[in-house]
Amino acid sequence: MSVKAAKRKMSTKNYMAVLSMFYILSVTLHATKTTAFHVESSQEASSAEQLRLGVYYETLCPDSRSFMRNSLYDGMILNEWLKYTELELIPYGKVTSWTDPDTNITTLFCQHGRTECELNALHACIVEHHDVRDQLKLISCLLSGHTTTLDECAKDLVLDVSAVKECKAARSIPDILKKYGEKTDALDISFVPSVTFDGKFDRWRQRYFIYNFSVVFCREYKAKFNVTLPQC
Ligand SMILES: *[C@@H]1O[C@H](CO)[C@@H](O)[C@H](O)[C@H]1NC(C)=O
Ligand SMILES: *[C@@H]1O[C@H](CO)[C@@H](O)[C@H](O)[C@H]1NC(C)=O
Ligand SMILES: *[C@@H]1O[C@H](CO)[C@@H](O)[C@H](O)[C@H]1NC(C)=O
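Residues numbered from 1 in each chain as written. Chains lettered and ligands numbered in written order. Predicted model: local features only at pLDDT ≥ 70, side-chain atom pairs only at ≥ 80, totals over all residues.

1. A closer look at the site of ligand 2
The full set of residues close to ligand 2 is R207, Y208, Y211 and N212. For the shell around ligand 2, the class distribution of residues is 2 nonpolar, 1 polar and 1 charged. (Near = placed C-beta within 6 Å. Nonpolar A, V, L, I, M, F, W, Y, C, P; charged D, E, K, R; others polar.)

2. Focus: the confidence of the model for the protein chain
The pLDDT averaged across the protein chain works out to 85; a share of 80% of its residues lies at or above 70. Low confidence marks residues 1-46, where pLDDT is under 50. Its contacts with residues over four positions away, or in another chain, come to 1 contact. (pLDDT = per-residue confidence, 0-100. Contact = placed C-beta atoms within 7 Å.)

3. Here's the deal with the packing of helix 4 (residues 132-142) against helix 5 (residues 150-157)
What describes two packed helices is the angle between their axes and the distance between those same axes. Running from N to C, helix 4 and helix 5 point in directions that differ by 130°, and their axes come no closer than 9 Å. Classified by the angle their axes make, helix 4 and helix 5 are oblique. As for the relative orientation of helix 4 and helix 5, their crossing is right-handed in sense. On helix 5, the residues that touch K137, L138, C141 and L142 of helix 4 are L150, C153, D156 and L157. Of the residues belonging to the contact of helix 4 with helix 5, the class tally is 6 nonpolar, no polar and 2 charged. (Axes fitted to C-alpha atoms, helices over the stretch in contact; angles between N-to-C directions. Helix = DSSP H or I, 4+ residues; strand = E, 2+ residues; numbered from the N terminus. Parallel < 35°, antiparallel > 145°, perpendicular 65-115°, else oblique. Left-handed = near helix turned anticlockwise from the far one by under 90°.)

4. Things to note about the nonpolar core
For soluble globular proteins, the rule of thumb is that nonpolar side chains tend to be buried together. Grouped together as the largest cluster of nonpolar side chains are 44 residues, with contacts concentrated most on V55, A121, A124, C125, I126, I139 and L177. Top contributing element to this core by residue count: helix 3 (residues 114-129), with 7 residues. Residue contacts for I139: discarding those within four places in its chain leaves M68, L89, H123 and I126. (Core = buried A, V, L, I, M, F, W, Y, C linked by C-beta atoms within 7 Å. Buried ≥ 20, exposed ≤ 12 C-beta atoms within 10 Å, placed from the backbone.)

5. Thoughts on the sheet that holds strand 5 (residues 194-197)
Taken together, the 3 strands give an open sheet; going across it, the order is 2-1-5, and neighbouring strands pair in mixed fashion. Of all strands in the sheet, those bounded by a partner on one side alone are strand 2 (85-91) and strand 5. Neighbour-to-neighbour, the strand axes of the sheet open up by a mean angle of 15°, direction not taken into account. Contacts between helix 2 (residues 62-78) and the sheet are confined to strand 1 (51-57) and strand 2, with strand 1 contributing the most and set at about 160° to the helix. Taken strand by strand, helix 7 (residues 173-187) contacts strand 1, strand 2 and strand 5, and its axis lies near 100° from that of strand 2. (Pairing = 2+ DSSP bridges.)

6. A word on the environment of C117
Assignment of secondary structure puts C117 in helix 3. You can call C117 buried: it has 24 C-beta atoms within 10 Å. Remark: the alpha-carbon pair of C117 and Y92, spanning 25 residues in sequence, is separated by 8.0 Å. Among all residues touching C117, those that are not within four sequence positions of it are L108, C110 and I173.

7. Description of helix 7
Over its 15 residues, helix 7 extends 21 Å from the first C-alpha to the last, a length consistent with the 21 Å expected when each residue adds 1.5 Å. Along helix 7, the sharpest kink reaches roughly 40°, centred on K179. Taken together, the buried positions of helix 7 are occupied by I176, L177, Y180, G181 and T184. Each element contacted by the buried residues of helix 7 is listed here: strand 1, strand 2, strand 3 (95-99), strand 4 (106-110), helix 3 and helix 6 (162-170). (Expected span 1.5 Å × (residues − 1). Bend = angle between axes of the 7 residues up to and from the residue.)

Right, dumping it as structure tokens:
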């Protein structure tokens, strides 16, 4: 074997060694990555336990509008607590309903009049046809002004709201709101908005819950899951 040939053989050997080193390294790296990913995802899953939160509101009530647009939106969207929350929106509030015994036709009288019934029904259609994140975004947008339209909000948020429009156009207001009325009547609320944590309704502390929402939400979450949420 000539010196040159030996060198070449050496370098091929080296090359193979380097190559196998790389292979081992990349397998190790890949394994590390996979492990890291699994750890991350299981942490995500365990920390993403959801606290049930029910929000009972009406569309033309100033306290409801302010709560939805500020405390609730800030907590759920800006603080990103939505992933820790099983949020249910119930747009109904203080409504008197009357069913004519002769015709079985139900008429609703909303606290702020007919317009409020129309708007509550529109919100209910949003709740029925969008996921909860989009519900909050659309509803918060709608509540930003008294003349803000669904089309304007849909355009801003780049959402297709045709199912919402179809729902609102095709069905009567009492039919759309029936489910929300039953849920609201079951609580017999005296203050709008009202909230329930983990399905429990505390009639006497609603004002405190609404005006100190973030503090109360953090405390309720911690009480149930023994976890302090980010931003708490
Ligand atoms: C009204 O509804 C009740 C119960 O659903 C039914 O028994 C009754 O026949 C209905 N009356 C009319 C007028 O449709
Ligand atoms: C909100 O919490 C603060 C501090 O605990 C308290 O002083 C205030 O009265 C609460 N607001 C309401 C409306 O209960
Ligand atoms: C709550 O969590 C803390 C820290 O993670 C732990 O030390 C404590 O034992 C937990 N308490 C309960 C009641 O599980």
